[in-house]
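Okay, here's what each chain looks like letter by letter:
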Amino acid sequence: MALHTPEPVAPEWLAVPKDLNAIDARVWPHNLRRDSNGELTFTNGVIDGGITVDELANQFGTPLYVIDEDDFRARAAGIKKALEEAAARIGTTAKVYYASKAFLCTEIVHWVDELGLSIDVASGGELAAALAGGINPARIGLHGNNKSLAEIGRAVSVGVGAIVVDSEIEIERIASAAQAQEKVQPVRLRVNTGVHANTHDFLATAREDQKFGVPLADVPALVAKIRSDRHLKFLGLHQHVGSQIYSPEGFIESSRRLIAMHAELLAGGEIPELNIGGGFGINYKPADNAPEVSKVAFAITDAVAAECQRLGIKVPALAFEPGRALVGNSGITLYNVGTIKDVKLSDAVDAKGLPAVRKYVSVDGGMSDNARPALYEAEYHTVLASRVSSAEPALSRVVGKHCESGDIVVRHDYLPADVAPNDLLAVAATGAYCYSLSSNYNWLTRPPVVAVRGGSARLIVRGETEADLFARDVRFQESAKAPKIEKS
Ligand SMILES: *Cc1c(COP(=O)(O)O)cnc(C)c1O
């Protein structure tokens, strides 16, 4: 393919791909390949074996979330091992919680359980899903800045391993639930260290001006309060400095502040753990360059060890809570192409002085199955999935079918210029925060989720039907129940 000058309206980071048909292993699931017909296939290791995207689309429809189960298992096990090794290097241990809000169904809980990870939940519903997935409640952590009394009561009664206290008022709420049930509830205290991790503003969660955690200055009094209550057991401090973080600096600076506080609190008794949080960044598109989790983890644990040594304290057991790093790249979304428009951009000209054109490719889903571009201006990567093409690259925008101009799935990418209705597109790295943020906007039904393993697919969450949409519509249900009166 000839080398092209990039379109003037393309962002600087977006290179014109050398090969539009290439599948970048840094972005896509491990088992996704092109077969000899050029079709994307989840391979079973045998040449041209496995299941093709056409077969998946025919069997389950589109849009379709597809999770490469082996990829998930390998990533989750690899990250667990990396974090455990990073901890072992400094003479301690690491507990790894999967932050389940990234993607949650009972099947995933089962995988996480089998892999020996713990799990974080952030609501009564997520807690119910984790319990239904069969994981030992002692391996569940409950988060949230506004847990209801019912959520706290249930968490205490099933015996979750940790509740993360997010405000002073919660200390009393958790203590009184534990007292009523004659239990001792282990708790962590979430601290807002004031550190701004290097990430999109909306995702940064440890700055001063936000709703999570308690300020460092308040920690001694609150920990004293926890310690003085015989129905609570203080596990340690907790931080979560943001999401989609590439550089360890934010983790390190925040951890230093946390460890200084941890050291100060040791005067009042033992503190078994320190929770560093999650937020490890991933590659959403070929231009991204996320570091290996192990690299970031080593930098963090080295800094933790140095700080503990400086303060003359024992290194505590560590805990981490990655979400997207486990599941993000394991998932893709398949869409069917509907309408296509070449939109002339009047304020920009290309290298030949012609008006720049952006190809708007509309697919059969959109912001209801992937809200992240609209929510965070997140960027995604797409390829033509059902065939290869040798057509010229065309600057494209993949958009959904919703009544919003912000309904964008892939804001900036190149697709072959001959992309046509009924082609299948695959969007990479949709395993995290797509299904979990999905909605019924415009009365679209949420897509099914399929897990692929050994080249065969199995439904793990069925897609919604129109009947599901009507099931909660009271007038509709009442009229359906009412006896039908024949009109004459
Ligand atoms: C969302 C969240 C995580 C996981 O974030 P990722 O970016 O998916 O790793 C971890 N801990 C807390 C408290 C969270 O809210």
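Only a predicted model underlies this, so the values are computations on that prediction, with no experimental measurement involved.

(A) Main features of the overall build of the protein chain. Helix and strand content of the protein chain: 13 helices and 21 strands. What you see for the protein chain is a C-alpha radius of gyration of 25 Å, in line with the 23 Å of a compact globule of 488 residues. Considered along the principal axes of its C-alpha atoms, the protein chain spans approximately 70 × 70 × 50 Å. Going through the 488 residues of the protein chain one by one, you find that 55% of them count as buried. Summed over all atoms, the accessible surface of the protein chain reaches about 21,100 Å², with 51% contributed by carbon and sulfur.

(B) The arrangement of the pattern of salt bridges in detail. Applying the stated rule across the entire model yields 28 salt bridges. Close ionic contact of E307 with R256 constitutes a salt bridge, the shortest N to O distance being 3.7 Å. Linking E307 in helix α9 (residues 293-311) with R256 in helix α8 (residues 249-265), this pair joins segments that are 51 residues apart in sequence. Judged by its relative accessible area of 36%, R256 is partly exposed. One salt bridge connects K285 with D288, and the closest N-O pair in it is separated by 2.6 Å. The two residues K285 and D288 agree in class, both being buried. Within the structure, one salt-bridge network assembled from shared partners comprises E69, D70, R73, E107, E114, R453 and R458.

(C) Broad picture of the pairing of strand β20 (residues 449-453). Counting buried residues along β20, four of its five residues qualify, which places the element largely inside the surrounding structure. Where strand β4 (residues 64-68) and β20 come together, four bridges link them in parallel fashion. When the bridges of β20 are listed, D68 appears paired with V452. One ladder, built from five bridges, connects β20 with strand β21 (residues 456-461); its direction is antiparallel. Bridge pairing in β21 places V452 opposite A457. The antiparallel pairing of β20 with β21 creates a hairpin that spans two residues between the two strands, and G454 there sits at a positive phi of about 55 degrees.

(D) The site of the ligand, seen in detail. In the region of the ligand, 13 residues are neighbours, and K101, S243, E321, R324 and Y433 sit closest. For the ligand, an oxygen atom lies 2.8 Å from a polar atom in the backbone of R324. Alone, the ligand offers 380 Å² of accessible surface; in the complex the protein occludes 92% of this. The class makeup of the residues in the shell around the ligand is three nonpolar, six polar and four charged.

(E) View of the domain arrangement of the protein chain. Taken as a whole, the protein chain is organised into domain 1 (32-68 + 329-470) and domain 2 (91-326). Here the C-alpha centre of domain 2 lies 34 Å away from the C-alpha centre of domain 1. With 20 residues of domain 1 at the contact, the number on the domain 2 side is 17 residues. Summed over the three residues of domain 1 that lose the most area to domain 2, namely N329, Y376 and Y433, the buried surface amounts to 31% of that side. For the interface between domain 1 and domain 2, the tally reads one salt bridge. For E107, the salt bridge is made with R458, and the minimal N-O distance between the two is 3.1 Å. Where domain 1 packs against domain 2, one counts seven residue pairs in polar contact (both at pLDDT 80 or more). Mapped by element, the contributors of at least two residues to the side of domain 1 that touches domain 2 are α11 (372-376), β20 and β21. Its residues placed into classes, the side of domain 1 that touches domain 2 shows 12 nonpolar, five polar and three charged.

(F) Main features of unusual backbone geometry. Note the cis peptide between T62 and P63, where omega equals -10 degrees. By the element assignment, P63 lies in the loop between α1 (53-60) and β4. Its identity as a non-glycine residue notwithstanding, E182 has a phi of 50 degrees, on the positive side. Its place among the elements puts E182 in the loop between α6 (168-180) and β9 (185-192). The exposed category is assigned to E182, whose relative accessible area is 73%. One non-glycine residue with positive phi stands out, namely E377, at about 55 degrees. The topology assignment puts E377 in the loop between α11 and β16 (382-384).

The rules behind the values
Residues numbered from 1 in each chain as written. Predicted model: local features only at pLDDT ≥ 70, side-chain atom pairs only at ≥ 80, totals over all residues. Heavy atoms only, no water. Helix = DSSP H or I, 4+ residues; strand = E, 2+ residues; numbered from the N terminus. Rg over C-alpha atoms; globule rule 2.2 N^0.38 Å. Buried < 20%, exposed > 50% of the residue type's maximum accessible area, 1.4 Å probe, protein only. Areas by Shrake-Rupley, 256 points an atom, 1.4 Å probe, with all protein chains shown as cover. Salt bridge = Lys/Arg side-chain N within 4 Å of Asp/Glu carboxyl O. Pairing = 2+ DSSP bridges. Near = heavy atom within 4 Å. Polar contact = N/O pair within 3.5 Å; in protein donor to acceptor, adjacent residues only side chain to side chain. Nonpolar A, V, L, I, M, F, W, Y, C, P; charged D, E, K, R; others polar. Domains from an automatic or database assignment. Contact = heavy atoms within 4.5 Å. Buried area = accessible area lost by both parts, 1.4 Å probe.

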